[in-house]
Every structure is written in C-alpha cells, then in structure tokens.
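One letter stands for each residue in the lines below.
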Amino acid sequence: DPSEALTTGQDIDVTWVVENRGVKPTASGWNDRITLTNKLTGQVLARITLPRDGSNPLQPGDSETRTQRIHIPEGPMAAGDLVLTVQTDADNFIAESNASSSAERNNSATLALQTTLAPYSDLVPGSVEVTPAGGFTPGQTVQVTWNTLNLGTRTVETDWAEELQVVHVETGTVIARVAASSAWT
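Residues numbered from 1 in each chain as written. Predicted model: local features only at pLDDT ≥ 70, side-chain atom pairs only at ≥ 80, totals over all residues. Heavy atoms only, no water.

Colleague: Can you tell me about the overall build of the protein, naming the residues and giving the values?
Modeller: The helix and strand tally for the protein stands at 0 helices and 11 strands. On C-alpha atoms alone, the protein measures out to a radius of gyration of 27 Å, which is more than a quarter above the 16 Å that the 2.2 N^0.38 rule sets for 185 residues. Dimensions of the protein, computed from C-alpha atoms along their principal axes, come out at roughly 90 × 35 × 30 Å. Counting all 185 residues of the protein, 25% fall into the buried class. Taking the contacts inside the protein whose residues are at least 6 apart along the sequence as the reference set, 62% of them involve residues at least 24 apart. With an accessible surface of roughly 12300 Å², the protein has 52% of that area assigned to carbon and sulfur atoms. (Helix = DSSP H or I, 4+ residues; strand = E, 2+ residues; numbered from the N terminus. Rg over C-alpha atoms; globule rule 2.2 N^0.38 Å. Buried < 20%, exposed > 50% of the residue type's maximum accessible area, 1.4 Å probe, protein only. Contact = heavy atoms within 4.5 Å. Areas by Shrake-Rupley, 256 points an atom, 1.4 Å probe, with all protein chains shown as cover.)

Colleague: Run through the nonpolar core, naming residues and quoting values.
Modeller: Counting residues in each nonpolar core, the largest one holds 20 residues, and the members touching the most others are V14, I34 and L36. Per-element accounting of this core gives the leading share, 4 residues, to strand β2 (residues 11-19). When near neighbours in sequence (up to four residues on either side) are disregarded, L36 contacts Q43, V44, L45, A46, I70, I72, P73, L82, V83, L84 and L113. (Core = buried A, V, L, I, M, F, W, Y, C linked by side-chain atoms within 4.5 Å.)

Colleague: Which residues make up the sheet that holds strand β1 (residues 6-7), and what are the values?
Modeller: One open sheet holds the 5 strands; their spatial order is β1-β7-β6-β3-β4, and the pairing between them is mixed. Each of the sheet's edge strands pairs with one partner strand only, and the pair in question is β1 and β4 (44-52). (Pairing = 2+ DSSP bridges.)

Colleague: Explain unusual backbone geometry residue by residue, including any values.
Modeller: Here the residue pair T131 and P132 is connected by a cis peptide bond, since its omega of 0 degrees sits within 30 degrees of zero. Its identity is not glycine, yet D89 carries a phi of approximately 50 degrees, on the positive side. Topologically, D89 is positioned in the loop between β6 (80-87) and β7 (108-116). Judged by relative accessible area, which is 4%, D89 ranks as buried. Unusually for a residue other than glycine, N92 sits at a positive phi of about 55 degrees.

Colleague: How would you summarise a nonpolar patch on the surface if you had to cite specific residues and measurements?
Modeller: There is a patch of nonpolar side chains on the surface, built from V128, V130, F136 and V142 and spanning about 320 Å² of accessible area. Mapping V128 onto the fold places it in strand β8 (residues 123-131). In this structure V128 comes out as exposed when scored by relative accessible area, which is 56%. (Patch = residues over 30% accessible without salt bridge, like charges linked within 9 Å, V, L, I, M, F, W, Y side chains within 5 Å. Salt bridge = Lys/Arg side-chain N within 4 Å of Asp/Glu carboxyl O.)

Colleague: Would you mind going over the pairing of β2 in detail, with residue names and values included?
Modeller: Taking every second residue as pointing to the same face, the buried face of β2 carries I12, V14, W16 and V18, while none of D11, D13, T15, V17 and E19 on the other face is buried. Pairing analysis gives 9 bridges linking β2 to strand β5 (residues 63-71), with the strands arranged antiparallel. Across the sheet, residue D13 finds its bridge partner in β5, namely R69.

That's the geometry; what it means functionally is another story.
Structural data, given as structure tokens:
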C-alpha cells in the first residue's frame, strides 16, 4: 500500500506474503509475477517474474514475505489509474488443491494505484532568425540563431543536443545539417 502520492518515473517497493494453505510442503520452486497495467488502456507497463528456489520447501501453514522494487515508467501512459497484480506460482509449477477446489484460483491479488504525471522538461526552439533574411544564392553562408525555451514544468538538469536542418521545401530533401549542443548551467 503506497504511503505517499505516486508519480510516473518513480520506484516503488511491492511486498506480499506467500502462504502454504495446503497439507503438504511445496515440492519444487515456483515463479511469482508482478504486473503493472494501465486500467484505462490495458497497456502492460511492467512485468517482472521472480523465481522462488525450491531447495527450501514452504511447509504447510508457513508463510514467507517477499519484496520487489518495480519502476513506474516515465510519461503519460503511466499516469492515472493503474492496477498492480501479484501472482504467486504464476506458471503453475506447484500442484495445489483444497476442499473448495479454489486452490489454483486464489494465487493472485490486485491493488488499485493512482499516479500523477511527474514534472518534465519540454525544450522547444524559439525566436528563430536568419541573416540575411532572404534572397539566398547557392553556396552562400547564412547565420541562423535561435534560443531554446523550456515549456515544461521541470528544470533541465543535463546537457542536451540540438540539430539544425535546412530542408528543400519542394523536394523534402535535407540540404544541410548542423549539430549544436548546449551545456546545462
């Protein structure tokens, strides 16, 4: 159960308890699986399979607590209503039975999560100017200046690269390409 508001790009610890409610010890290892899904779109955002070694069988009536850190992906697809599913013995390695014949159907639990979109940078070019302003001739050198704006809600904390392309309007052919970089300050 999350103790704080969740945002995209965040790591969370998932903890669950595996119980042996049967009458025999586990005969082998098994896989537990954690799946994080966007409830609205059905998109699987994360799926982690965790093997459990069978060398130390889980005895009847015993339980063990397992924990795994998962990463909520960056971006809008991971914002909103999410469903976290933990499934023990996800690949049915352990033969299970009980009086109500529900032993194979009680191996999963779900938790509804709400995430918000984390702050992100959004770099865009602005104030583009060309000197001279027009009347170019083939082979002529022109100066292009611009500034880069951050329209996002997060400060840029790293260097970035920019590229200037001159494209022929009628053919779509790239005539010139110049790479530029900016040091973050």
